[in-house]
Amino acid sequence: MFAIKLMKKRENIVPFLFGIEKNPIHYSWIFYKYMDFALKNGYPIIADEAYFVNPSVYEKQKEFSFQNIVDGYNVLYEFKKPTDEDMKKVIQYPITKEEKATILSGFADEEEAIIHILQNRDEKFEEMISSKFEAIQKEHGKIVAVLSWTYFPSLEFCCQQLGIQLITLEQTTFRPKGYRYKFGYFQFYNKYDSTRMDSDYQTFLREFQDSNQYFSRKELLSLFLADDQLKWIDHLDDQSEYDFGLSIGPDYDPLASAFCNMPILQVLNELKENFQTNQVLTRVHPMQKEIRKELDAFPQDHSSSSLEWILKCRRVISIGSNVAFEAMLLGKTSYVLGENFPYHYGSVTELKQYEERVADLRYINYIIFGYYVPYSLVFDRDYIYWRLTNPSVTEIYQYHLDYVMKAFGLSKEFFDMAFPKRLQTILETHSLKKKEITTFVTHHNHNLEEDIQQLRHELSQQKSYYESRLTEVVSSYEEQIKKQTDQYNQIINSKSWKVTKPLRFITNRLAKLFGK
């Protein structure tokens, strides 16, 4: 599938899972996805020992979380439901309870300890990681990459020390049920590093500015939404009922605590002071119990779809949630309360900034095709090895774009079509009747043209910006050259330069005479 394959014998891509949840069962589906990948390729796994318990044990205990998560997720996220026999076959490098307890010791509670290792390097953590790496490399060969669902500074440090590439993964906004196509995070750095993400995006803009290979907002929604969710496209231009939508996570969320710049209670107080509480529609995680009393002042949303909730709001506030990008995709102003989240660039990051900021279409396209990775590639060994060759930002974007278009049967001529025809071509990939497609295209044709005009305007502005910057740079260099030339001419034409000419002549002859 890929032109370049670097894989050699005795090289390993090692999944790493250090659970940060109180109940490891909640991450069991991630472990089983890792396990499926490891078994197919003969790779070892480093994970909490609780994950290596035979599945039959959890089944006999009738562990509800286990049954609920695994029985549905194995189909949704494409992994083989494991058996006890599979568990015997996988190459296990367990993190024991004693090792984990040592790492998390010395703090007020487990959450404080987890937040510490999410934010900082930790010597005890690094000793454990290094010991696992050394054992694997001694017994099974070189580790070329490590896959981790969570970013830890200590894990990155240990990988760097041994020349191992760390890859951080996660699921994205595009998940089953609401969307018909899945994407994942796949980053060669901290997936919460907004600075690096912004830098990559700016590189993409410079290198891809003359391309027309972008989708409009409605085309993207039409392409990726599930059939029964296409109806929400009709409501993109509806008047919003609420000034703000606020996404509230579970009680125990160490990632949000580690990277958010404003605690949820402070957010609620800020909204109370500056807005009418009946204008803030909250959407609360089922596992949120601690602040229920404080939430009584706000209306709560019970929509079956996050899309429906977002469309009710002018602005959407989240703390490291994928809902931030979903809001951008729907044309809403997105507030992300944390600078270390990937959507920082296209979002408002301070609650006191009550502004409207709709993310531009190039940014939306870049996130989907340049930053996200088609889920079927996230655990594809050949794809991982291709990424290890460090392709450029635009090569990655182009590959993903071509891959997705091929998956939907869209030809290379798609972007040369008239816009109504483009939308019709996308809708024909759904299970819709011809009459439904015609009605949809007719209804949205006018707004689609507006989207395309917006995109053309953005591209024109970007081109003008870089042309202006190029002119400035050239002018600056010309000015420097002229200044230096004038200084040179001033020196060689000066009386002192002419007077000292004999002295320079004698000095040069003496240097040649004495070999200096």
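Here the structure is shown first, and the text comes after it.
Residues numbered from 1 in each chain as written. Predicted model: local features only at pLDDT ≥ 70, side-chain atom pairs only at ≥ 80, totals over all residues. Heavy atoms only, no water.

Remarks on the sheet that holds strand S6 (residues 183-187)
Strand order in the open sheet formed by seven strands is S3-S2-S1-S4-S5-S6-S11, with mixed pairing between adjacent strands. The open sheet is flanked by strand S3 (91-95) and strand S11 (373-374), the only strands paired with a single partner. Here strand S1 (residues 11-17) pairs with strand S4 (residues 142-148) via six bridges, running parallel. Pairing of isoleucine 13 across the sheet is with alanine 145, part of S4. (Pairing = 2+ DSSP bridges. Helix = DSSP H or I, 4+ residues; strand = E, 2+ residues; numbered from the N terminus.)

A look at the side chain of histidine 400
Note on placement: histidine 400 falls in helix H19 (residues 393-407). The exposure class of histidine 400 is buried, given its relative accessible area of 0%. Contact partners of histidine 400, with chain neighbours within four places excluded, come to Phe369, Tyr372, Val373, Pro374, Leu377, Tyr383 and Arg387. (Buried < 20%, exposed > 50% of the residue type's maximum accessible area, 1.4 Å probe, protein only. Contact = heavy atoms within 4.5 Å.)

Some remarks on the sheet that holds strand S9 (residues 313-318)
With parallel pairing, the four strands of this open sheet are ordered in space as S8-S7-S9-S10. Looking at strand neighbours, the two that pair on one side only are strand S8 (280-284) and strand S10 (333-336), the edges of this open sheet. Strand after strand, the sheet turns through a mean of 20° between neighbouring axes, direction not considered. Two elements, S9 and S10, share four bridges in a ladder whose sense is parallel. The residue of S10 that forms the bridge with valine 316 is serine 334. (Axes fitted to C-alpha atoms, helices over the stretch in contact; angles between N-to-C directions.)

Examining the nonpolar core
One finds Phe16, Phe18, Phe31, Phe133, Phe215, Phe224 and Tyr343 to be the most contacted residues of the largest nonpolar core, which totals 136 residues. Element by element, the count of residues in this core is highest for helix H1 (residues 28-41), at eight residues. Within the second largest apolar cluster, 22 residues are counted, among which are Ala256, Val267, Val280 and Ile291. (Core = buried A, V, L, I, M, F, W, Y, C linked by side-chain atoms within 4.5 Å.)

A short note on unusual backbone geometry
Its identity is not glycine, yet lysine 177 carries a phi of approximately 85°, on the positive side. The phi dihedral of asparagine 390 falls on the positive side, at around 60°, and the residue is not glycine. Here asparagine 390 lies in the loop between helix H18 (381-387) and H19. Using a relative accessible area of 56% as the deciding quantity, one classes asparagine 390 as exposed.

Quick look at the packing of helix H10 (residues 217-224) against helix H20 (residues 419-427)
If you want to describe how two helices pack, look at the angle between their axes and the distance between the axes. At a closest axis distance of 9 Å, the pairing of H10 and H20 adopts a crossing angle of 15°. As far as their axial angle goes, H20 and H10 are roughly parallel. In the crossing of H10 with H20, the sense of the turn from one axis to the other is left-handed. Of the residues in H20, those touching H10 at Lys218, Glu219, Ser222 and Leu223 are Phe419, Arg422, Leu423, Ile426 and Leu427. Here the residues of the contact of H10 with H20 are counted per class, giving five nonpolar, one polar and three charged. (Parallel < 35°, antiparallel > 145°, perpendicular 65-115°, else oblique. Left-handed = near helix turned anticlockwise from the far one by under 90°. Nonpolar A, V, L, I, M, F, W, Y, C, P; charged D, E, K, R; others polar.)

Read these as geometric descriptors, not functional statements.
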